[in-house]
Structures are given as structure tokens and as C-alpha cells.
Protein chains: 2
Amino acid sequence: MKLRDLGESGLIRKIRERFGPKAGELPVGIGDDAAVIDLPENYSLVFCSDLLAENTHFIRDLHPPDSIGYKAIAANVSDVAAMGGVATHFLISLAAPGDLDWIWLEAFFRGVEQACERFDIALAGGDSASSEHIFIDVSMIGRVRSGQAVRRSGAKIGDGIYITGTLGSSAVGLERLKSGKMRDAAVERHLFPEPRYQVGAAVANQAHAMIDVSDGLSTDLTHIVEESKVSGRIYKDRLPIWPGAEEHHALHGGEEYELIIIAPELPAIVEGIPVTRIGEIIPSGLEHQLFLIDGTRESVLYPRGWEHFG
Amino acid sequence: MKLRDLGESGLIRKIRERFGPKAGELPVGIGDDAAVIDLPENYSLVFCSDLLAENTHFIRDLHPPDSIGYKAIAANVSDVAAMGGVATHFLISLAAPGDLDWIWLEAFFRGVEQACERFDIALAGGDSASSEHIFIDVSMIGRVRSGQAVRRSGAKIGDGIYITGTLGSSAVGLERLKSGKMRDAAVERHLFPEPRYQVGAAVANQAHAMIDVSDGLSTDLTHIVEESKVSGRIYKDRLPIWPGAEEHHALHGGEEYELIIIAPELPAIVEGIPVTRIGEIIPSGLEHQLFLIDGTRESVLYPRGWEHFG
């Protein structure tokens, strides 16, 4: 069955059948002009979106559709966590060609469902249309305790630079996927990354600044030092490099969805996830820069992550 | 200048310069991992999205980019109004080719700005990426008094069927635009529709059901009777047809962004907008249908609006 045989109303019906029960807890769920959601007292709303375009973020013949669905959600869950919040509900806007096979969409929504279960979130609605290529935009809302949102701009001189988990597996996984290798642990981590969805809220009252590693450590940590008007120093030998990854994977690889947390002091484990101190925030000259310390050698670490339209 | 010369960070900088001051009233605005927004007490959140795909919703050579930007916002403002709510903040996800001229984007964002001013709403963030064709997804949040959200499913037998403003101008405008005619009032209404952004909240405590006319009166009113498990009867001679439009434009034309309000009784003018009673909700047999009364003749009115993937 092709998408055009199902039609827009058929697609919405299938989505309602699959995701309706959970969205049914909302005052208004899937299928009305908009969803209606209640927010508990003393919480602010967190609101973000992340889009995936065919041939830019994924190749239809290379990337399994369940991974595409899963990652579209995971990237947003990670962004909400990086604000110190917890994701709760999302919308999916999907544009796709009429001749797209329902099998693809079925697998895509299976990935979405997997993400819903893992992160305890619910689909609340969205929009759909036909187009020549697949385009997916997920907009997520979540909650953060009022006044506790953690920005990129709050890093203070003397703060530690912390990273959750390990770095490099997603970049290694992407290389192996492209070379047509079998699915191994690295490929699995690239296809089904694990955003630290509980860590962000757990450290929100201690963190001065936070960001998730979506474009690579060098790029995302640069955002922090630039927005905070400071510089930063990290130590090569303290980087929690994923076994099998190399230094450049860890420094520049994107889609890791680990959290960079800037705080005076953090425990070694938060919500079951290892947290490693890899450096510290230092005073800045005219330029807000990163320095990499390798034994007694110090070099400037330039951002070498992903930039669109380039 | 092309989009690729500007790059993603240049694009974000330009958007921040233009929309930053208003978003600056937020706890966290444009340029962090997510926006943070406060909701007043005793309000629920309204959350919806609307996507526009090049060659499906618009043709780059035919539709002025300021209209595309404006309409992307207006469609969502209308959806929030149709829930009885008021739109407040939105995100834009934009995928576009690297060789897209900045002049196009500049005009697009001018249209977005125009919508912000008219509807008193603010851009809070978004995402961007390169792609072969232009995709725009706007996700909107707004507020509705707790417990006052108006669904599609609440129509009761004996209720009046009301419509704001007039019907048919957008369909006429689209025809004239396609035939290459000069911009006249109908074309203007097609390009810069006026969603009834204050009417929805004003009637929320009297309306039993509500929807906006995005796919055409016949299609959108069918959603109401199907979701409410009733039927409806409308009178041809009561339709507030836009001068210059014909019956089929008024019955089936999309993108009108008028509100269909189902209520026992409404004043003739709400928030300065004329409101016309065009029919009533009646008991339903096995099928939930619409009937069109033309003098002494009664016929079934089938939905003939827009369906995607068809």
C-alpha cells in the first residue's frame, strides 16, 4: 500500500489508533485543530523543534526508517534536557511523496513509538502533506521548574566542564554504516542514541550552563564559551572516548546527545550516568576560545562540527 | 547573496537581530537549545503545527515570499483561535537550498514579521537545514482558559451553525493569481488572509464546537458533524458569499480562515467581525451528513475540499 492509497485522513486514523490512547490523557489530543496540554504549577514551558530533510540528514536507502523516527524525537528530548527540563509532548509534521510505501511509514512510526516508551512522552498531533522528498519536523514541549532553566550563557570562570557518558561512538557508527558494515554497537548507538533525558533536570539547580552534543564537542562547547564570554580548557587524557573511537571522533563527532554541563562541582554519577570532568572555564582575552591540553602542549581547539547551507 | 554564503550561523544571527527584541521578553528566547515560556495561572497550553511544502502549497515563481511567511503563521493562529485560544509564540523550521537568494528569505521574514505585528505574537526559535526544496513548518503555542478549549466534537442538536466574515474570496483570489491577473482585493485576501484571532477566545464560553475553514466549508463542517456524531443543515441564501465569488467558492474553497462556530446563540458581531447564522445542527441517521437547502430543494452536501497524498 502506498501513502496515496491511504490518504491524509487514513494516515491520521492510523496514527490516532497507534498513539491515541496515550494522547487521550490530554484535555485535547490528536485530531482537533490543536492539542491542549496542562502544565503543573511552578513550571515554565520548554519549546523547541528539530527538522530532518531527506538527503541532508538521512538517505532513504541507507538509514532504517525506525531509526529516523526514533532520532527525530531523541534530538528534541536532548534539547529539552539541555535546558534542565523534561520533555513531555510533541507534534510531528511530515511531508512525503504519495508513492512512499506504507511499510516505510509503519517502521518510521515504530521508531517514534519506541522513543515515546523510552522517554515517557506522548504524540499530541501534527500536520502532513505531500512533497517530492521526505521532510520531518518534530516540535517538542516540556517543562522546567520556574527559574531553573539552564542557558548556554551562564558559564563562570573556575567552573568545571563536565560531559556525560562517552564521546565518539556515533561518529564511528556513521562511518561503519556508510561503509556498509554489519550493525555493531557503534552503528546501534548512531541509529538509536540515548539522550540523557533525566540528567538535565537532575543537575539543573547546580549547572551554570548546559548544551547537548549534537554538532560535536568542539562546536557545541564553543557555543557555550561564546555565549558566556569566557574561554575553556579541556584535557585530552580526560576525554571519555568510546572504546574503538579516535580522538577526532570524540572532539568533533556530532549526534552524540551527551550533555556538556558547566558547574562548580558535580557527582561522578547522575541518574545512573557517568559524568566526567574534562576541563575548566578560564578567563578570556578578546576571543572566546577553547584550548586542548595534551601533556605539556596546549593548542587552540577550533570548532569543526556541522554547519548547514555550507 | 545566497543562503550558503550566509551559512546557518549567519541566518540565525539575522533572525535574532530582527526578532530578538520581542523574544527577549521570554525567560529564554532565540538561540539556546530551546525557548522557555511562562503561562499565566488557570490557563492550559494550546499546541499545533502547520507545514508548507514547495510545489504542494506554493510555487516559488508564483507566490510572493512575504505571503508565504505571513500565511505560514496565519494558518496556525487560526487553528489556535478555533480551539478558543490565543496564539502567543511560535517556532519556524526552515529547510531550503543553499543557492536560495537572501532576497527571497528577507521577504519571507518580512511576511513573518507582519504576521507577528498583526497577531501580537513572537518568534521564539526553530531549526534550519539545507534541502533541495523549500519546506517550512511553523509550530505555534498559545493559551486557553483551563476547561474552555472548544473541540470539534461538542455540537448538540438544535445548535446554530455560525460563520465569521465572508466565504469565497480566497478561492477567487487563487484563481486570479494563477491566471496571472493583477493583485486585486481577492488576490490580496488569498495572499494575506485574516484569521479571526480574537473571535475564538471571545466565544469560547458559548461555543459547543469550533473549527476554522482551512480546507473548505463543506470539508471542515463535515469534520464537526462526524466528530460530534450529528448532522447539519445549511441554507444557501444565508451564506455570506464574498462579492464576486460564486456558490462553489463559498462551499468548497479552502484557506478562508473564517471560523465555523457551533453555539445555541451568538451576537451578530463579535470583536468587530460579522457572525452569520447559516444553519443548524440536526439529528443524524447512520451517516453524519450535511444538507444544503436551496429554496424548497434539499441536497446532500459532500465534502469537496482538499485531501493530501490524493
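Keep in mind that what you see is a predicted model, and the values were worked out from it rather than measured.

## Examining the domain arrangement of chain A
One frequently used descriptor of interface size is the decrease in accessible area upon assembly of the parts.
Residue and element names in this part refer to chain A.
Thinking step 1. Taken domain by domain, chain A consists of domain 1 (3-145) and domain 2 (160-300).
Thinking step 2. Breaking the side of domain 1 that touches domain 2 down by element, the ones donating at least two residues are helix H2 (65-81), strand E3 (86-96) and strand E5 (135-145).
Thinking step 3. Top element by residues in the side of domain 1 that touches domain 2 is H2. It accounts for nine residues.
Thinking step 4. For the side of domain 1 that touches domain 2, a count of residues per class yields 13 nonpolar, four polar and three charged.

## Some points on the interface of chain B and chain A
Thinking step 1. Taken together, the contact pairs 61 residues of chain B with 61 residues of chain A.
Thinking step 2. Listing elements by their share of the side of chain B that touches chain A, those giving two or more residues are helix H1 (3-23), strand E1 (35-37), strand E2 (43-53), helix H2 (65-82), strand E3 (86-96), strand E4 (122-130), strand E5 (135-145) and strand E7 (209-212) of chain B.
Thinking step 3. At nine residues, the largest contribution of residues to the side of chain B that touches chain A is made by E2(B).
Thinking step 4. Split by residue class, the side of chain B that touches chain A holds 28 nonpolar, 19 polar and 14 charged.
Thinking step 5. As paired strands, strand E2 (residues 43-53) of chain A and E1(B) are joined by three bridges and run antiparallel to one another. Paired with A:Phe47 across the bridge in E1(B) is B:Ala35.

## A few points about the environment of A:Ile293
All names here are of chain A.
Thinking step 1. Within the secondary structure layout, Ile293 lies in strand E12 (residues 290-294).
Thinking step 2. Along the sequence, Ile293 and Arg238 sit 55 residues apart, while their C-alpha atoms lie 9.8 Å from each other.
Thinking step 3. Every residue in contact with Ile293, bar those within four places of it in the chain, is listed here: Arg233, Tyr235, Lys236 and Glu298.

## A word on helix H4 (residues 169-178) of chain B
Residues and elements named next belong to chain B.
Thinking step 1. In terms of residue burial, H4 counts as a mostly covered element, since seven of its ten residues are buried.
Thinking step 2. Within the sequence span of H4, burial applies to Ser169, Ser170, Ala171, Val172, Gly173, Leu174 and Leu177.
Thinking step 3. Looking at the packing, one finds that the buried side of H4 touches helix H5 (185-191) and helix H8 (247-252).
Thinking step 4. Two residues or fewer after H4 comes Gly180, characterised by a positive phi angle close to 80 degrees.

## Observations regarding the nonpolar core
Thinking step 1. Residues A:Val36, A:Phe47, B:Val36 and B:Phe47 are the most contacted members of the largest nonpolar core, which totals 208 residues.
Thinking step 2. Considering each element in turn, this core owes the most residues, ten residues, to H2(B).

## Side note on the pairing of E2(A)
Residue and element names in this part refer to chain A.
Thinking step 1. Of all eleven residues making up E2, ten are buried, and the element is well covered by its neighbours.
Thinking step 2. With eleven bridges joining them, E2 and E5 adopt antiparallel strand pairing. Pairing of Cys48 across the sheet is with Met140, part of E5.

## Describing the sheet that holds strand E1 (residues 35-37) of chain A
Thinking step 1. One open sheet accounts for five strands, arranged E1(A)-E2(B)-E5(B)-E3(B)-E4(B); its pairing is mixed. Either end of the sheet is taken by a strand with one partner, and the two such strands are E1 of chain A together with E4 of chain B. Across the sheet, the axes of successive neighbouring strands diverge by a mean angle of 20 degrees, strand direction being ignored.
Thinking step 2. In terms of strand pairing, E3(B) meets E5(B) through nine bridges, oriented antiparallel. The residue bridging B:Val86 from the neighbouring strand is B:Arg143, located in E5(B).

## Observations concerning the relation of the copies chain B and chain A
Between the two copies of the chain lies a rotation about an axis combined with a shift along it.
Thinking step 1. Between the two copies, chain B and chain A, the superposition gives an RMSD of 0.0 Å; the rotation angle is 180 degrees and the shift along the axis is 0.0 Å. Between the two chains, the operation in question is that of a two-fold axis.
Thinking step 2. Taken together, the interface assignments show that 100% of the residues at the interface of chain B recur at the interface of chain A, consistent with an identical surface on both copies.

## Looking at the packing of H2(A) against helix H3 (residues 102-119) of chain A
All names here are of chain A.
Thinking step 1. It is at 6 Å that the axes of H2 and H3 come closest, and there the two elements cross at 35 degrees. Handedness of the crossing formed by H2 with H3: right-handed. Judged by residue contacts, Pro65, Asp66, Ser67, Ile68, Gly69, Tyr70, Ile73, Ala74 and Val77 of H2 engage Trp104, Ala107, Phe108, Phe109, Arg110, Gly111, Val112, Gln114, Ala115 and Phe119 from H3.

## Remarks on the sheet that holds E3(A)
Thinking step 1. Read across the sheet, five strands follow the order E4(A)-E3(A)-E5(A)-E2(A)-E1(B) without closing on themselves; strand pairing throughout is mixed. Each edge of the sheet is formed by a strand with only one pairing partner; in this case those strands are strand E4 (122-130) of chain A together with E1 of chain B. When the angles between neighbouring strand axes are averaged without regard to direction, this sheet yields 20 degrees.
Thinking step 2. On top of the sheet, H2(A) reaches E2, E3 and E5 of chain A; it is set at about 145 degrees to E2(A), its chief contact.

## Section: the pairing of E4(B)
Residues and elements named next belong to chain B.
Thinking step 1. Within E4, eight of the nine residues are buried, which leaves the element mostly enclosed by the surrounding structure.
Thinking step 2. Bridge analysis of E3 against E4 gives eight bridges, and the strand direction is parallel. In the strand pairing of E4, Leu91 is matched with Gly125.
Thinking step 3. Note that the unit made of E3, helix H3 (residues 102-119) and E4 has a crossover that is right-handed.

## Notes on unusual backbone geometry
Residue and element names in this part refer to chain A.
Thinking step 1. Phi at Asp120 takes a positive value of approximately 55 degrees, unusual for a residue other than glycine.
Thinking step 2. Its place among the elements puts Asp120 in the loop between H3 and E4.
Thinking step 3. Assessed through the 13 C-beta atoms surrounding it within 10 Å, Asp120 is described here as partly exposed.
Thinking step 4. If you check the backbone angles, Tyr257 has positive phi at about 55 degrees while not being a glycine.
Thinking step 5. Note that Tyr257 resides in the loop between helix H8 (247-252) and strand E9 (259-263).
Thinking step 6. In this structure Tyr257 comes out as buried when scored by C-beta crowding, with 25 C-beta atoms within 10 Å.

Conventions and cut-offs
Residues numbered from 1 in each chain as written. Chains lettered and ligands numbered in written order. Predicted model: local features only at pLDDT ≥ 70, side-chain atom pairs only at ≥ 80, totals over all residues. Domains from an automatic or database assignment. Helix = DSSP H or I, 4+ residues; strand = E, 2+ residues; numbered from the N terminus. Nonpolar A, V, L, I, M, F, W, Y, C, P; charged D, E, K, R; others polar. Contact = placed C-beta atoms within 7 Å. Pairing = 2+ DSSP bridges. Buried ≥ 20, exposed ≤ 12 C-beta atoms within 10 Å, placed from the backbone. Core = buried A, V, L, I, M, F, W, Y, C linked by C-beta atoms within 7 Å. Axes fitted to C-alpha atoms, helices over the stretch in contact; angles between N-to-C directions. Least-squares fit on C-alpha atoms with pLDDT ≥ 70 in both. Left-handed = near helix turned anticlockwise from the far one by under 90°. Right-handed = clockwise from strand over helix to strand, strands pointing away.

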